[in-house]
Amino acid sequence: MIIFQEAEVLKNYLEGKRRHGQTVGFVPTMGALHEGHLALVNRSLAENDCTVVSIFVNPTQFNDPADFAKYPISTDRDIELLETGGCDILFLPSVAEIYPEGLVATSNYGLGDLEKLWEGFYRPGHFQGVCQVMDQLLQLVLPDHLYMGLKDYQQCMVVKRLLQLTGLGDRVELVPCPTLREADGLAMSSRNRRLTATARAMAPAIYSCLQEIKSELKPGPTHELMEQYRQRLVVKGFRLDYLALVDASTLKEVEIWNGEQLLVLLVAAFCEDVRLIDNLLC
Ligand code: AMP
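The paragraphs below set out a description of the structure included in this document. (Residues numbered from 1 in each chain as written. Predicted model: local features only at pLDDT ≥ 70, side-chain atom pairs only at ≥ 80, totals over all residues. Heavy atoms only, no water.)

## Side note on the pattern of salt bridges
Link 1 in the chain: Counted under the stated rule, the structure contains 15 salt bridges.
Link 2 in the chain: A salt bridge links Arg 230 to Glu 227; the nearest nitrogen and oxygen atoms lie 2.7 Å apart. Of this pair, Arg 230 and Glu 227 both sit in helix H11 (residues 223-235), separated by 3 residues, roughly a single helical turn. (Salt bridge = Lys/Arg side-chain N within 4 Å of Asp/Glu carboxyl O. Helix = DSSP H or I, 4+ residues; strand = E, 2+ residues; numbered from the N terminus.)

Shown next as structure tokens:
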């Protein structure tokens, strides 16, 4: 695996690959890698000539400085995992490499409702930060395929919008990949490393709750069912940002389900002081 720290050097290298007709798959991450990330890498390795993984903990997407400060970092272990997994290229830039003009919000991407709802509402500025870094990374890597996890359902929608806004949608194909889970159902996440033993024991209740809602869901009003499960999570000790049943393509809340509309359950809950998100298509 070749490790690049400078954008310009990576860019030149990838241009050479493309000149030789090679396809490029890209997996952007913030490191602290787990099997969920590695599943994206494996998919890219299977579908492209050359796979690029980036590790960059992007400061502009953290609305909470404490969350940024506590974000887990394990670069040596990440390099080992990627090396063993057969990854071709790791891009490991510094903050100055990605933001040569400093950490200023230079762009305002037209995300519409996507940044007003759910994660957008509870993490103001988060998706602008995601777009800022993804815009840079995409212009640099110009991948044929971009692999992202459906664990971050709304983020996949935002990046799809970004591809349209930047005109890259014609050349970069977004490949949304399924969520990998621990044996007890907890969605794998770098943040899980911060869970205490008590919080770790409690955390799988988030996904069980989504599964139970899905199995109990019937056409008609949804409010009572959702309220019952919100309360259940609170009683179990979670602090909820949201638990919502929404239209899978608009993310608008669905209060009366016609039995046909494709839905997704979205949840963001604090387990002690660790904020976890998950979702389930219904
Ligand atoms: P992160 O490092 O958390 O920014 O995640 C990097 C990429 O990995 C994003 O596209 C995530 O959606 C994806 N990802 C994170 N956790 C999982 C998971 N449990 N299963 C599949 N993909 C994931």
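Following the structure, the description resumes.
## Some thoughts on the sheet that holds strand S3 (residues 50-55)
Link 1 in the chain: Taken in spatial order, the 6 strands make up an open sheet running S1-S4-S3-S2-S5-S6, and their pairing is parallel. Each edge of the open sheet carries a strand with a single partner, namely strand S1 (2-4) and strand S6 (173-177). Strand-to-strand twist of the sheet, defined as the mean angle between neighbouring strand axes without regard to direction, takes the value 25 degrees.
Link 2 in the chain: For S3 and strand S4 (residues 89-91), the ladder comprises 3 bridges, and the chain directions are parallel. (Pairing = 2+ DSSP bridges. Axes fitted to C-alpha atoms, helices over the stretch in contact; angles between N-to-C directions.)

## Some details on unusual backbone geometry
Link 1 in the chain: Positive phi is not limited to glycine here, since Leu 251 has a value of about 65 degrees.
Link 2 in the chain: Here Leu 251 shows up in the loop between strand S8 (239-247) and strand S9 (256-257).
Link 3 in the chain: A positive phi is found at Glu 272, a non-glycine position, where the angle reads about 50 degrees.
Link 4 in the chain: Along the polypeptide, Glu 272 turns up in the loop between strand S10 (263-271) and strand S11 (274-281).

## A few points about the sheet that holds S8
Link 1 in the chain: With respect to topology, 3 strands assemble into an open sheet ordered S8-S10-S11, the strand pairing being antiparallel. Only two strands of the sheet have a single partner each, and these edge strands are S8 and S11. For this sheet the average axis-to-axis angle between neighbouring strands, irrespective of direction, equals 10 degrees.
Link 2 in the chain: Packing against the sheet, helix H10 (residues 205-216) makes contact with S8, S10 and S11, and its axis sits at approximately 25 degrees to S11. (Contact = heavy atoms within 4.5 Å.)

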